[in-house]
Amino acid sequence: MQNKRVKKLKADLKYMGKNIIEVILPVIGLCGLSGIVAGLFVGFFNYGVKILVTYSKQIYALVYEHLAFLPLLLFVLAAMAIAMSYLHKWAPESRGSGIPQAEGMMRGLVGFKPLKMIVSMFVGSAISFFAGLPVGAEGPSVQLGASSSQAISNVFKSKLAWQRYVISAGAGAGFAVAFAAPLSGLVFVLEEGHRRFSPVLLLSTAVSIIFGFITYRMMGNVTGLWNADTAYFNFNQFSVVTYKDFLVLLAIGVSCGLAAILFNYLMIHSQRMTDGKEKTFPYWLRLLIIFIVIGITGVFFNYVNYSGYDLILSISARELSTWMLVLILVVKFILILLCFNSGATGGLFIPMLSIGALIGAIVGDLGIALGIL
């Protein structure tokens, strides 16, 4: 009996040692390194986006004060649209938000050249943000995290199965850094990326996110380029929720759900319509239309430009009237559809959050007008 226990203990120790060498160490090494690289890439990428948006807003404000420069602005935007069409012809994987491409990489369904992907995403995103398109940085951030991790996996010549774990870990780190939300990055990989759970996938993604987020915060504190010391929760203020508040929340939920159904319907049918008319409505023309329209709105109605992050802050500060909110909602809704249909580089997560914020603000104002709130 004792000999059996000794043999079993030796077998268990051998199994544990094998797992440590073949699983734990590669996870900490490769996925930790991918998280560090993703944290650096995405951190500096988002910092660059803020700079581009700042200069873009200054240019639009200057043109508004001196409308004689409007033709020149539209000419430059047209050139940027043509440049993006050539970029997407060279690297089709840089079209759109980048999330579908990253998910395909995580599941091993598609493969891209990492360096080409990184360069095209950087250039395409720079064009989109500088022009003021209603796109966010979260999609490109995920794709940059996945691509940089694939490059690391290629350097170390890891096996195909490990490549998928490393790419998934990098994508999760990119998501976590872009939103400063580590748990969201983990949930994104498990729920949206793979739609399954496994201990190795959980461990690899968690390690990458931890290393990536620490790197992002350290670089922010050392360089002072971005503020990495934001609080996660605020427990200073509490309010009592009544049944009337639940009625308003229910109305907001129903309104957002109906808006999502309408957006998906229009998005699918508009793409089918334009894809079926490739000769009469070519790809470069789609980009040209959205860039010109964005140029005009950027000068005369800049609430609808960019991702919508600043718009959400304006809504929170109650700086806009109800009718202005309705107008912004309609125009931004249309612009996001046009932008998505054009295939311009950039994410849709923050723009869709701004749509939800607009709907919530409008329903809240109606609740106040009706005496519910």
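In case you missed it, the structure is sitting above this.
Residues numbered from 1 in each chain as written. Predicted model: local features only at pLDDT ≥ 70, side-chain atom pairs only at ≥ 80, totals over all residues. Heavy atoms only, no water.

(A) Here's a closer look at the overall build of the protein chain. A count of helices and strands for the protein chain gives 13 helices and zero strands. Ordered by position from the N terminus, the helices and strands of the protein chain form the series α-α-α-α-α-α-α-α-α-α-α-α-α. Expressed as a percentage of its 373 residues, the buried residues of the protein chain come to 45%. Put simply, 79% of the contacts in the protein chain that link residues at least 6 apart link residues at least 24 apart. (Helix = DSSP H or I, 4+ residues; strand = E, 2+ residues; numbered from the N terminus. Buried < 20%, exposed > 50% of the residue type's maximum accessible area, 1.4 Å probe, protein only. Contact = heavy atoms within 4.5 Å.)

(B) Representation of the nonpolar core in the model. The biggest cluster of nonpolar side chains holds 80 residues, and the ones touching the most others in it are Leu77, Leu133 and Phe291. Discounting residues that sit within four places of it in the chain, leucine 133 has contacts with Ser128, Ile290, Phe291, Ile294, Tyr306, Ser307, Cys339 and Ala344. (Core = buried A, V, L, I, M, F, W, Y, C linked by side-chain atoms within 4.5 Å.)

(C) Structural detail: the layout of surface pockets. In this structure, the second largest pocket occupies an estimated 640 Å³ of space. As for the second largest pocket, its lining consists of 31 residues, and the residues nearest its centre are Ser97, Ile99, Gly347, Leu348 and Phe349. Put simply, the parts of the chain that give the lining of the second largest pocket at least two residues each are α3 (99-106), α5 (138-155), α7 (182-194), α9 (243-275), α12 (322-342) and α13 (349-369). Residue classes in the lining of the second largest pocket are distributed as 15 nonpolar, eleven polar and five charged. (1 Å grid on protein atoms, 1.4 Å probe; cavity = no way out; pocket = protein on both sides within 12 Å on 5 of 7 lines; lining within 4 Å. Points joined across faces, edges and corners; volume = space filled by probe spheres on them. Nonpolar A, V, L, I, M, F, W, Y, C, P; charged D, E, K, R; others polar.)

(D) How the structure looks around helix α10 (residues 283-300). Taking 1.5 Å of rise per residue, 18 residues should cover 26 Å, and α10 covers 27 Å from first to last C-alpha, within 8% of that figure. Taken together, the buried positions of α10 are occupied by Tyr283, Arg286, Leu287, Ile290, Phe291, Ile294, Gly295, Thr297, Gly298 and Val299. (Expected span 1.5 Å × (residues − 1).)

(E) How the structure looks around the packing of α3 against α5. The contact between α3 and α5 brings their axes to 8 Å, and the two run at 30 degrees. Relative to α5, the element α3 lies roughly parallel. Classified by chirality, the crossing of α5 by α3 is left-handed. Residue-level contacts link Ile99, Gln101, Ala102 and Met105 of α3 to Gly139, Val142, Gln143, Ala146, Ser147 and Gln150 of α5. (Axes fitted to C-alpha atoms, helices over the stretch in contact; angles between N-to-C directions. Parallel < 35°, antiparallel > 145°, perpendicular 65-115°, else oblique. Left-handed = near helix turned anticlockwise from the far one by under 90°.)

(F) Geometry of the environment of tyrosine 86. Following the sequence through the fold, tyrosine 86 ends up in helix α2 (residues 70-90). Sequence separation of tyrosine 86 and tryptophan 284 is 198 residues, and the distance between their C-alpha atoms is 8.4 Å.

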